[in-house]
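So the chains spell out like this:
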Amino acid sequence: ELLGLYAYIKKVTLPTSQGGGKGDIDGTVMLLSLPTTFPSSLISSDTDVLFQKARSAANALEGSSHALSAMSAATSISGSGSGSSRSNYYITTVSAGNAIHCSCHKKAKAADRNHPKAPKSEWEGASLRNSRVTCNVILPLVSSKTSKVPLVSLETALADFNTIVTNTLGTRPKSILWSCLHDIRFLLLRMAHGEALNADCGGGSSSSNFLLVLYQLYSADMFATNAEHDESLEVSRHARGLSAGFLVGV
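About the cut-offs
Residues numbered from 1 in each chain as written. Predicted model: local features only at pLDDT ≥ 70, side-chain atom pairs only at ≥ 80, totals over all residues. Heavy atoms only, no water. Helix = DSSP H or I, 4+ residues; strand = E, 2+ residues; numbered from the N terminus. Buried < 20%, exposed > 50% of the residue type's maximum accessible area, 1.4 Å probe, protein only. Contact = heavy atoms within 4.5 Å. Areas by Shrake-Rupley, 256 points an atom, 1.4 Å probe, with all protein chains shown as cover. Axes fitted to C-alpha atoms, helices over the stretch in contact; angles between N-to-C directions. Parallel < 35°, antiparallel > 145°, perpendicular 65-115°, else oblique. Left-handed = near helix turned anticlockwise from the far one by under 90°. Nonpolar A, V, L, I, M, F, W, Y, C, P; charged D, E, K, R; others polar. Core = buried A, V, L, I, M, F, W, Y, C linked by side-chain atoms within 4.5 Å. Pairing = 2+ DSSP bridges.

K.L.:
Tell me about the overall build of the chain, and please be specific about residues and values.
P.N.:
The helix and strand tally for the chain stands at ten helices and four strands. Of the regular secondary structure in the chain, the N- to C-terminal order runs β-α-α-α-α-β-β-α-α-β-α-α-α-α. Looking at the chain as a whole, 37% of its 250 residues qualify as buried. In the chain, once contacts between residues fewer than 6 apart in sequence are set aside, the share between residues at least 24 apart is 77%. Carbon and sulfur atoms provide 56% of the accessible area of the chain, an area that totals close to 13700 Å².

The following block contains the structure:
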């Protein structure tokens, strides 16, 4: 059966002038700022492979409407010293690390709602099963490997997850892959700055959220593979070229 991880998501707001622009967040500006050729003095077998991978992702982006708008916004901010007042919205997720079968959650949800003496809402009951840690979503523990889990179960769980993300943001994410990657980035930043992650939901530790990062990275890898078919080859190539672009830039 399909397992899911109890988690808590919330919306975060980042102004464009503070690095919240889509082109800054998804690495478009970084990739398009790479030189067309790598300095010969810095070339080695490893750096050349990284550069070619990053350059391939940049070439796929060049000329696209997203690339043009991202570079235009970056130029505007650097030239004026201040950016647009427009804000962009993302989600950030934390977890106490408690898993449950998605089918068991569905049964418990019905039992909680129909309890004759003490009916509970879906997430009120779920929080009790989550060691009394507040939760508002179940993150499906997806796998790109062959599995006995019925495809319909996975699709239903992902649809439920995306519905909650959409309701939290107030708009439907354009890409499940980018939504996942942004989420990972924010969690890593919060851990690096020593934020008290349990402040969001009343529970969870650094270790449980480190495992959440690993689960999300695995999910992102599967989403990147699926993006080649469900979204576009450019989306997948862009995502897979980010790490190479960053290492070359550094």
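K.L.:
Quick rundown of the packing of helix H5 (residues 102–113) against helix H6 (residues 122–129)? Include the residues and the values.
P.N.:
Put simply, H5 and H6 touch, their axes get as near as 9 Å, and they point 120° apart. It follows that H5 is oblique to H6 by the angle criterion. Every pair of crossing elements has a handedness; the one defined by H5 and H6 is right-handed. For the pair formed by H5 and H6, the contact residues are His105, Ala108, Lys109 and Asp112 on the first element and Glu122, Trp123, Gly125, Ala126 and Arg129 on the second. Partitioning the contact of H5 with H6 into residue classes produces three nonpolar, two polar and four charged.

K.L.:
Outline the nonpolar core, supporting the account with residue identities and numerical values.
P.N.:
Nonpolar side chains in soluble globular proteins tend to end up buried together. Grouped together as the largest cluster of nonpolar side chains are 32 residues, with contacts concentrated most on Val137, Val165, Leu177, Leu187 and Phe223. Elements with a contribution of two residues or more to this core: strand S1 (3–15), strand S2 (87–94), strand S4 (137–140), helix H7 (151–169), helix H8 (176–192), helix H9 (206–230) and helix H10 (233–249). Take this core: its biggest share by element is seven residues, from H7. Each residue touching Leu187, except ones within four places of it in the same chain, is listed here: Thr92, Thr93, Val94, Leu197, Asn209, Leu212, Val213 and Gln216. Counting nine residues, the second-largest nonpolar core is a separate cluster that includes Leu31, Leu32, Leu34 and Ala54.

K.L.:
How would you sum up the pairing of S4? Please name residues and give values.
P.N.:
The alternating pattern of S4 places Val137 and Leu139 and Ile138 and Pro140 on opposite faces, both of which are buried. Inspection of the sheet shows S1 paired to S4 by four bridges, in the antiparallel sense. Its bridge partner lying in S4, Ala7 is registered against Val137.

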